[in-house]
Amino acid sequence: MRVFVTGASGWIGSAVVDELLATGHEVTGLARSDASAAALAAKGAGVRRGDLDELDSLRLGARDADAVIHLANKHDWANLAASNAAERAAVQTIGDALAGSDRPFLVASGVAALAQERPATEDDASPFHGPDSPRGGSENLALEFVDRGVRAVSVRFAPTVHGTGDHGFIAALAAVARRKGAAGYPGDGTHRWAAVHRLDAARLVGLGLAEAPAGARLHAVAEEGVPTREIAQAIGRAFGLPVTSIPPDDVQDHFGWIGAFFAMDLAATSVATRELLGWTTTGPTLLEDIAAGAYSEGARAGSGAVRR
């Protein structure tokens, strides 16, 4: 299958490209930079230059492919409105290009959108609709294309997709801990974060491409919920730092932009996904990765924007 992948050189996307190539697919990745293009070419993948703001590149990439996996997102925390607008425009453009073809269209989303008092499940619909909502309401927009002859599938990733080299949320928390001289957790530390190893997540995407039916919501979740206190304790042990509770009123000031996420309960299950696709997880747990030093170097760069 010829697969067009946005975010192909990102943290999750690069692992997905490896998975697709290893299972015999022909892959073309969207590349913003010369370095990204070179990395894709070195793997044996094709390259289409462009970014999320270049809608013609997205349209042509989708037109020439048998399937599209959309993983890119600007994740510009300083200008979320621009990130949300770009995400919605990208999904609209790709969906329009695939309409009437019955081709697969996998769209990245997250379980963070489903925060509630119980673990989120695949049956929970995203509450976000319309261009002014988080991620531009892209999950619901993508699933609307089912009625237009597209095998649209939502892939919801855990808030932490971990592994050596991760520059996302856990790396950002490690960077804060190093800067503050202590590994903190919000309040009593009982809020939970779902987690999945990067390679397990990539394998799920490959299975979803092959087998998920139109309209499916998949959860890339290996651990239902790791308590935030345990995450902080693992970071503290990894860097030889004390561990401390941060009062709720001080969370935003202490953690910065990531504080809003770390204070949320982001537990989720993947029971339905596992039953649907036969997906099993084999990678290390989040705490095992932290203990093994996966964030020893990544913590230095973890305070920047997070990109897939």
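Just so it is clear, the structure is predicted and the values come from calculations on it, not from any experiment.

## Side note on the overall build of the protein
Okay, so step 1: A tally of regular secondary structure across the protein gives 12 helices and 12 strands.
Okay, so step 2: In terms of overall dimensions, the protein is globule-like: its C-alpha atoms have a radius of gyration of 19 Å, near the 19 Å expected for 308 residues.
Okay, so step 3: Taken over the C-alpha atoms alone, the protein extends approximately 55 × 40 × 35 Å along its principal axes.
Okay, so step 4: Within the span of the protein, comprising 308 residues, buried residues form 53% of the whole.
Okay, so step 5: Of the contacts made within the protein by residues no fewer than 6 positions apart, 79% connect residues no fewer than 24 positions apart.

## Thoughts on unusual backbone geometry
For residues other than glycine, phi is negative in most cases, and the peptide bonds are mostly trans.
Okay, so step 1: The residue Asp-102 is not glycine, and still its phi comes out positive at about 60°.
Okay, so step 2: Relative accessible area serves as the criterion here: at 59%, Asp-102 is assigned to the exposed category.
Okay, so step 3: The phi dihedral of Arg-135 is positive, around 55°, even though this residue is not glycine.
Okay, so step 4: Looking at the secondary structure, you find Arg-135 in the loop between β5 (104-110) and α5 (138-144).

## Describing the pattern of salt bridges
Okay, so step 1: Tallied over the full model, the rule gives 13 salt bridges.
Okay, so step 2: Note that Asp-64 and Arg-63 form a salt bridge whose closest N and O atoms lie 2.9 Å from each other.
Okay, so step 3: Exposure remark for Arg-63: the relative accessible area of 52% places this residue in the exposed category.
Okay, so step 4: Measuring nitrogen to oxygen at the nearest pair gives 2.7 Å for the salt bridge that ties Arg-156 to Glu-139. Residue Arg-156 is located in strand β6 (residues 151-157), and its partner Glu-139 is located in helix α5; the two are separated by 17 residues in the primary sequence.

## What to know about the sheet that holds β6
Okay, so step 1: Here 7 strands make up an open sheet; going across it, the order is β3-β2-β1-β4-β5-β6-β10 and the pairing parallel. Of all strands in the sheet, those bounded by a partner on one side alone are β3 (46-49) and β10 (217-220). Each strand of the sheet is rotated relative to its neighbour by a mean of 20°, with strand direction disregarded.
Okay, so step 2: The sheet contact formed by β6 and β10 spans 4 bridges and is parallel. The partner of Phe-157 across the bridge, within β10, is Ala-220.
Okay, so step 3: Docked against the sheet, helix α2 (residues 34-43) engages β2 (26-31) and β3, running at close to 160° with respect to β3.
Okay, so step 4: Each of β1 (2-6), β4 (67-70) and β5 is contacted by helix α4 (residues 80-98), which is oriented at about 165° to β5, the strand it contacts most.

## Concerning the pairing of β4
Okay, so step 1: Side-chain alternation along β4 places Ala-67 and Ile-69 on one buried face and Val-68 and His-70 on a second face that is also buried.
Okay, so step 2: Where β1 and β4 come together, 4 bridges link them in parallel fashion. Pairing of Val-5 across the sheet is with Ile-69, part of β4.
Okay, so step 3: As paired elements, β4 and β5 share 3 bridges and run parallel to each other. If you follow Ile-69 over to β5, its bridge partner there is Leu-106.

## Description of helix α3 (residues 55-63)
Okay, so step 1: Considered for burial, the residues of α3 that qualify are Ser-57, Leu-58, Gly-61 and Ala-62. Projected down its long axis, α3 carries its buried residues within an arc of 125°, all on one side. Exposed and facing more than 90 degrees away from the buried side of α3 are Asp-56 and Arg-63.

Cut-offs applied
- Per chain, residue numbering runs from 1 following the sequence as it is written.
- In view of the model being predicted, local features appear only for residues whose pLDDT reaches at least 70, and side-chain atom pairs are presented and counted only at 80 or more, with totals across whole chains, interfaces and linings using the full set of residues.
- The side-chain values count all of the structure's non-hydrogen atoms but skip hydrogen atoms and water molecules.
- For helices the rule is a DSSP run of H or I covering at least 4 residues; for strands it is a run of E covering at least 2, with both sets numbered from the N terminus onward.
- Restricting the calculation to C-alpha atoms gives the radius of gyration, and the globule rule supplies 2.2 Å times the number of residues raised to the power 0.38.
- Only protein chains enter the accessibility calculation, which uses a 1.4 Å probe; a residue is then buried when its area is under 20% of its type maximum, exposed when over 50%, and partly exposed in between.
- The criterion used for residue contact is that any of the two residues' heavy atoms lie within 4.5 Å.
- We count a salt bridge whenever a side-chain nitrogen from Lys or Arg sits within 4 Å of a carboxyl oxygen from Asp or Glu.
- If DSSP finds at least two bridges between two strands, the strands pair.
- To get an axis, a line is fitted to the C-alpha atoms, and for a helix only the part in contact is used. The angle between two axes follows their N-to-C directions and goes from 0 to 180 degrees.
- Starting at the helix axis, one direction is taken to each C-beta atom, and the arc is that of these directions.

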